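What the coordinates show
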Amino acid sequence: MENLQFSLQNIIDGQGGGIAITGMSIVFCALGLISLFIFLLPKILERVARLYPESEGHGARPDPRQARDDSELAAAIAFAFHAERQR
Amino acid sequence: MKILFEFLGTTGFANMTWGNGIMIVIGILFIGLAIIKDYEPLLLLPIGFGCIIGNIPPIASMAVGVYDQGSVLSYIYFGVSQGIFPPLIFLGIGAMTDFSTMLSNPKLVLLGAAAQIGIFLTLIGGLYMGFAPAEAGAIGIIGGADGPTAIFLAAKLAPHLLGAIAIAAYSYMALVPVIQPPIMRLLTTRKERLIRMKAPRVVSQREKIIFPIVAFLICALIAPGSIVLIGMLFFGNLLKESGVTERLAETARHSLIDTVTILLGFSVGASTQAQTFLTPQSMLIFGLGALSFCVATAGGVLFAKFMNLFLTEKINPLVGAAGVSAVPDSARVVQMVGHKEDPQNHLLMHAMAPNVSGVIGSAVAAGILWSVLVG
């Protein structure tokens, strides 16, 4: 690290090109598979739902934040509308 | 009198160097940016104060510094140097992340992958400048725009550069609203910036529960080096989405992440002692880090334009800039830039999809680099 020398040979010696191409390929492969899974998931669940209909989770309460989010959202929308009209 | 003079010789005033003084000023600058400008205050304030503490000149006979065995600061820094704190932060991030927008539009996931080009091109740049492969890999991860990931990988691959890499990563994350917009405007036409995207669909709870489990299996089996970060991310998300562990999710996204953020920021700041931080290599790291950010932003935008060649429902290319995993700042920047062109065009929720996929992508990239470059 002490004596840094700029040289293209450093890239070759460090296999920079190979690491970069391999690394990006693996990242795209992983996220591509995730993307494909996400695309297929609703279709799979649709078929599963015919056999096992979706029900309330055991012991799972409705998210109390959901109601607050809706009222907060409504307030934000009303304010934005009011501000737009004032303009 | 002799005792008094001996004592005066051990004070910080007697042992202060110009480098210590500069670092203390930098620490004060970080604190100022955090309080006055509101630039990432949760990170810059602890880091800034840590910089000040770390640059008070140490006394040879007293173990008080970060690098002194047995000191309190060294025990706190242990969580950074051994890569413990970053996975705990990822647990909290997972517990506060909503993957719905990503689940509703899976093709946007690829934008998060494209933005990771910044990591690998910077690795090449680091090699060109003469850094060792492990060092170049640790520097390249700055382009992932993910502080915990950068610290985790630097601790594994190049612990002696951890201070510079961490400061660079968090500084550029704070500067996302400054760095990204010019690049986004340069690489897109006005017509492209006006593209409106279809509203995201509603995602079922079953999808949200199944997704973290399967996504973890995919990432961990492909890149085992990412097990720790990806595992904690999706574990936190499952705590949130399961609906039966809300207490644990609340702890993860509030108390736990706040506690770890305090300790991590503070100890990273304290590790930036002038003797190790103010070197020409640190300046190169800062330069490479900026390049990494810019390339990552450009990569996401350009890939979105490439995808539009094949899609009937076009993607607004601005959304590609959110593939850098600075959640949610880069998504907000996309919203801001898009809003300036068309106040009725709301891109925030669309931008969150590549934003969170960028977190996954940068963690996978870190796992790959760790696997390939360790030893």
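In this text the structure is predicted, and so the values were computed from the model without any measurement. (Residues numbered from 1 in each chain as written. Chains lettered and ligands numbered in written order. Predicted model: local features only at pLDDT ≥ 70, side-chain atom pairs only at ≥ 80, totals over all residues.)

Our next topic: the overall build of chain A. Of the regular secondary structure elements, chain A holds three helices and zero strands. Listing every helix and strand of chain A by position from the N terminus yields α-α-α. Counting across all 87 residues of chain A, residues that qualify as buried make up 17%. (Helix = DSSP H or I, 4+ residues; strand = E, 2+ residues; numbered from the N terminus. Buried ≥ 20, exposed ≤ 12 C-beta atoms within 10 Å, placed from the backbone.)

To continue, consider the overall build of chain B. When its secondary structure is counted, chain B shows 21 helices and zero strands. Each of the three principal axes of chain B carries a C-alpha extent, and together these read 85 × 45 × 40 Å. In chain B, which comprises 375 residues, the proportion classed as buried is 56%.

In this section: the interface of chain B and chain A. Every contact between the two is made by 44 residues of chain B and, on the other side, 33 residues of chain A. Secondary-structure elements contributing two or more residues to the side of chain B that touches chain A are α8 (109-114), α9 (117-128), α10 (133-140), α15 (205-222) and α21 (348-373) of chain B. If you tally residues by element for the side of chain B that touches chain A, the top one is α15 of chain B, at nine residues. A per-class count over the side of chain B that touches chain A returns 32 nonpolar, eight polar and four charged. (Contact = placed C-beta atoms within 7 Å. Nonpolar A, V, L, I, M, F, W, Y, C, P; charged D, E, K, R; others polar.)

Residues and elements named next belong to chain B. With 13 residues, helix α20 (residues 329-341) extends 19 Å between its outermost C-alpha atoms, agreeing within 8% with the 18 Å of an ideal straight helix rising 1.5 Å per residue. Residues of α20 that are buried: Ser330, Ala331, Val333, Val334, Gln335, Val337 and Gly338. Tucked inside the fold, the buried residues of α20 contact α13 (176-186), α14 (190-193) and α21. (Expected span 1.5 Å × (residues − 1).)

This next bit is on the nonpolar core. Residue and element names in this part refer to chain B. Core analysis: the biggest nonpolar cluster contains 142 residues, and Ala154 and Ile165 have the highest contact counts within it. Per element, the largest residue contribution to this core is 14 residues, and it comes from α21. Contacts of Ala154, omitting those with residues within four sequence positions, involve Ala138, Pro159, Leu161, Leu162, Ile165 and Ala166. (Core = buried A, V, L, I, M, F, W, Y, C linked by C-beta atoms within 7 Å.)

Checked against the element boundaries, Ile117 of chain B lands in helix α9. Accessibility expressed as a C-beta count within 10 Å gives 24 for Ile117 of chain B, which makes it buried. Separated by 181 residues in sequence, Ile117 of chain B and Ala298 of chain B place their C-alpha atoms 9.1 Å apart. Once you skip the residues sitting within four places of it in the chain, Ile117 of chain B turns out to touch Met24 of chain A together with Val295, Ala296 and Gly299 of chain B.

Next up on the list: the confidence of the model for chain B. Summarising the model, chain B shows a mean pLDDT of 91, and 100% of its residues fall at 70 or more. Predicted as a complex, the structure gets a pTM of 0.85 and an ipTM equal to 0.88. (pLDDT = per-residue confidence, 0-100.)

To continue, consider the packing of helix α6 (residues 85-96) of chain B against helix α16 (residues 227-241) of chain B. Residues and elements named next belong to chain B. Relative to each other, α6 and α16 sit at 35°, their axes nearing to 6 Å. With respect to the hand of their crossing, α6 and α16 are arranged in right-handed fashion. Here Pro86, Pro87, Phe90, Leu91, Gly92, Ile93, Gly94 and Ala95 of α6 lie close against α16, whose contacting residues are Val228, Leu229, Met232, Leu233, Phe234, Phe235, Gly236, Asn237, Leu239 and Lys240. Considered class by class, the residues forming the contact of α6 with α16 number 13 nonpolar, four polar and one charged. (Axes fitted to C-alpha atoms, helices over the stretch in contact; angles between N-to-C directions. Left-handed = near helix turned anticlockwise from the far one by under 90°.)

Let us now look at the environment of Ile28 of chain B. Residues and elements named next belong to chain B. Among the secondary structure elements, Ile28 is positioned in helix α3 (residues 18-36). For the pair formed by Ile28 and Ile52, sequence separation is 24 residues and the distance between their alpha carbons is 7.4 Å. Setting aside its immediate chain neighbours within four residues, Ile28 contacts Gly48 and Ile52.

As a further point, take unusual backbone geometry. Residues and elements named next belong to chain B. In the segment running from Val327 into Pro328, the intervening peptide bond is cis, with an omega of -10°. You will see that Glu40, though not glycine, has its phi angle at about 40°, which is positive. On the secondary structure map, Glu40 appears in the loop between α3 and α4 (41-54). Residue class for Glu40 comes out buried when judged on the 22 C-beta atoms lying within 10 Å of it.

All names here are of chain B. Orientation of α4 relative to helix α17 (residues 246-270), taken along the N-to-C sense of each, is 40°, at an axis distance of 6 Å. Here α4 lies oblique to α17, going by the angle between them. In the crossing of α4 with α17, the sense of the turn from one axis to the other is right-handed. Here Leu42, Leu43, Pro46, Ile47, Gly48, Phe49, Gly50, Cys51, Ile53 and Gly54 of α4 come into contact with α17, specifically with Thr261, Ile262, Gly265, Phe266, Ser267, Val268, Gly269 and Ala270. Its residues assigned to classes, the contact of α4 with α17 shows eleven nonpolar, seven polar and no charged. (Parallel < 35°, antiparallel > 145°, perpendicular 65-115°, else oblique.)

Further remarks concern α16 of chain B. For α16 of chain B, with 15 residues, the first-to-last C-alpha span of 20 Å sits near the 21 Å given by 1.5 Å per residue. With 13 of 15 residues buried, α16 of chain B is to be regarded as a mostly interior element.

This paragraph deals with the confidence of the model for chain A. Per-residue confidence for chain A averages 80 on the pLDDT scale, and 77% of its residues sit at or above 70. Across chain A, element-level confidence peaks in helix α2 (residues 16-51) of chain A with a mean pLDDT of 93 and bottoms out in helix α3 (residues 64-86) of chain A with 72.

This brings us to the environment of Val64 of chain B. Residue and element names in this part refer to chain B. Looking at the secondary structure, you find Val64 in the loop between α4 and α5 (72-81). Since 14 C-beta atoms lie within 10 Å of it, Val64 is described here as partly exposed. Along the sequence, Val64 and Val109 sit 45 residues apart, while their C-alpha atoms lie 46 Å from each other. The contacts of Val64, once residues within four sequence positions are left out, are Pro58, Ser71 and Leu73.

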